[in-house]
Amino acid sequence: MNVVLNISQLLQSVPLVNPSLLAADFADLRTVIKQLEEVGAQILHLDIMDGHFVPNLSFGVPVVEAIRRITALPLDVHLMLANPEAFLSVFRKAGADILSVHIEVLPDPRPAFDTIRKLGAAAGIVSNPPTPVEAVLPFVNDADLILTMSVMPGFGGQSFNPVALEKIKRIRSAADADKLISVDGGIGDETIALAAQAGANLFVTGTALLGKPDVKAQFQRLRRQAGANGTHCQ
Ligand code: DX5
Ligand code: ZN
């Protein structure tokens, strides 16, 4: 499907819950994605792991292509790769709309941002919990999305690390208003409001959404806890 990503349109709808498909039933991805569309998801988060930068493997290009074929939702692709620059083009061709790279492997991400923009996608920068926010701050206004990890990446279902909150506050203060300020890891009922208060506007959530029996009710609940008012909740 052809998708034209419109960051300003996404920004008009914040706070946004960004479902991580890592927690989905991979035998039934089509059903999961249709359900997420029906409950009002406006973006999907796809976790790409290489077994080097993170101690786990997830899925790769063919799965992103398959997802692209069945949904017009923007695809926010989180590259947990030791060499993300080698894969920007293939993931863009597969259908990624946002490509996020880790500061730990690209201490100056601006050349990667240039490549991502030339490919027609939006650019994100990600930092892990132990990485000082100062590593990211110089680049926040070069990126479209700034993602703060609230767990060490590699696995879903981990507990939220509050070290992310102070980082998000600093990023929110340094970033222009037109940035997606995202958080990823352990986001659920107990933590989404804390991240929202710190300044996040895009909330990646895996197990706390897709692990629940009533995904629709949980989606709406998380959105409300993130500060969405009732009229924007579907
Ligand atoms: C972790 C991934 C996350 C993960 C979040 O490495 O980057 O996107 O899916 O899962 P939860 O929401 O279960 O912590
Ligand atoms: Zn992620």
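Basis of the calculations
- Residues numbered from 1 in each chain as written.
- Chains lettered and ligands numbered in written order.
- Predicted model: local features only at pLDDT ≥ 70, side-chain atom pairs only at ≥ 80, totals over all residues.
- Heavy atoms only, no water.
- Donors = N, O, S within 2.8 Å, 3.2 Å for Na, K, Ca; no water.
- Tetrahedral: all angles 85-135°; square planar, octahedral: opposite > 155°, others 65-115°.
- Helix = DSSP H or I, 4+ residues; strand = E, 2+ residues; numbered from the N terminus.
- Buried < 20%, exposed > 50% of the residue type's maximum accessible area, 1.4 Å probe, protein only.
- Polar contact = N/O pair within 3.5 Å; in protein donor to acceptor, adjacent residues only side chain to side chain.
- Phe/Tyr/Trp six-rings, centres within 6.5 Å; stacked < 30°, edge-to-face > 60°.
- Axes fitted to C-alpha atoms, helices over the stretch in contact; angles between N-to-C directions.
- Parallel < 35°, antiparallel > 145°, perpendicular 65-115°, else oblique.
- Left-handed = near helix turned anticlockwise from the far one by under 90°.
- Contact = heavy atoms within 4.5 Å.
- Nonpolar A, V, L, I, M, F, W, Y, C, P; charged D, E, K, R; others polar.
- Pairing = 2+ DSSP bridges.
- Near = heavy atom within 4 Å.

Chemist: Before we go on, may I ask you to explain the coordination of the zinc ion (ligand 2) in this structure?
Modeler: For a metal with four donors in a tetrahedral arrangement, the ideal angle between donors is 109.5 degrees, while six donors in an octahedron ideally sit at 90 or 180 degrees. In this structure, His45 (NE2), Asp47 (OD), His78 (ND1) and Asp184 (OD) serve as the protein donors to the zinc ion (ligand 2), at separations of 2.0 to 2.3 Å. With six donor atoms in place around the zinc ion (ligand 2) and angles of 70 to 168 degrees between them, the coordination shape is octahedral. The motif formed by the donor residues of the zinc ion (ligand 2), counted along the single chain, is H-x1-D-x30-H-x105-D. Pair noted here: His78 is in strand β3 (residues 75-80) and Asp184 is in strand β7 (residues 180-184), with a separation of 106 residues, a long-range link. Accessibility assignment for this pair places His78 and Asp184 in one class, buried.

Chemist: How should I be thinking about the side chain of Asn18 in this particular structure?
Modeler: Relative to the assigned elements, Asn18 resides in strand β1 (residues 16-19). Owing to a relative accessible area of 0%, Asn18 belongs among the buried residues under this scheme. There is a polar contact of 3.1 Å between the side chain of Asn18 and the backbone nitrogen of His45.

Chemist: What is the right way to look at the packing of aromatic side chains in this model?
Modeler: We describe a pair of aromatic rings using the distance from one ring centre to the other and the angle between the two ring planes. Here the structure, examined in full by the defined rule, presents two aromatic pairs. Residues Phe26 and Phe59 carry aromatic rings whose centres are separated by 5.6 Å and whose planes lie at 55 degrees to one another, so their mutual orientation is tilted. Of the two residues, Phe26 is situated in the loop between β1 and α2 (29-39) and Phe59 in the loop between β2 (44-49) and α3 (61-70); the sequence distance between them amounts to 33 residues. Judged by its relative accessible area of 9%, Phe59 falls in the buried class.

Chemist: Could you clarify how one ought to interpret the packing of α2 against α3 in this entry?
Modeler: Working note: a packed helix pair is described by the angle between its axes plus the distance between those axes. As a packed pair, α2 and α3 sit with axes 11 Å apart at the nearest point and diverge in direction by 50 degrees. Accordingly, the angle class assigned to the pair α2 and α3 is oblique. α2 and α3 meet at a crossing whose hand is right-handed. Counting all contacts with α2, which are made through Leu29, Arg30, Ile33, Lys34 and Glu37, the residues of α3 involved are Val63, Ile67 and Ile70. Of the residues in the contact of α2 with α3, the class split is five nonpolar, no polar and three charged.

Chemist: Is there a simple way to explain the sheet that holds β2 in this structure?
Modeler: Paired through backbone hydrogen bonds, the strands of a sheet run either parallel or antiparallel to each other. The eight strands are arranged β1-β8-β7-β6-β5-β4-β3-β2 in an open sheet whose pairing can be described as parallel. A strand with exactly one partner marks an edge of an open sheet, and here the two such strands are β1 and β2. Taking the axes of each pair of neighbouring strands and ignoring which way they run, one obtains an average angle of 25 degrees across the sheet. In the packing of helix α6 (residues 163-174) onto the sheet, the strands contacted are β5 (122-127), β6 (145-149) and β7, and the crossing angle to β6 comes to about 165 degrees.

Chemist: What is the right way to read the site of ligand 1 from this model?
Modeler: Close to ligand 1 lie 20 residues, the nearest being Ser20, Gly154, Asp184, Gly206 and Thr207. Gly157 places a main-chain nitrogen or oxygen 2.8 Å from an oxygen atom of ligand 1. At 2.8 Å, a backbone N or O of Gly186 approaches an oxygen atom of ligand 1. Taken together, the elements giving at least two residues each to the shell around ligand 1 come down to β2, β3 and β8 (202-205). For the shell around ligand 1, the element with the highest residue contribution is β2, accounting for three residues. Classifying every residue of the shell around ligand 1 by side-chain character gives seven nonpolar, eleven polar and two charged.

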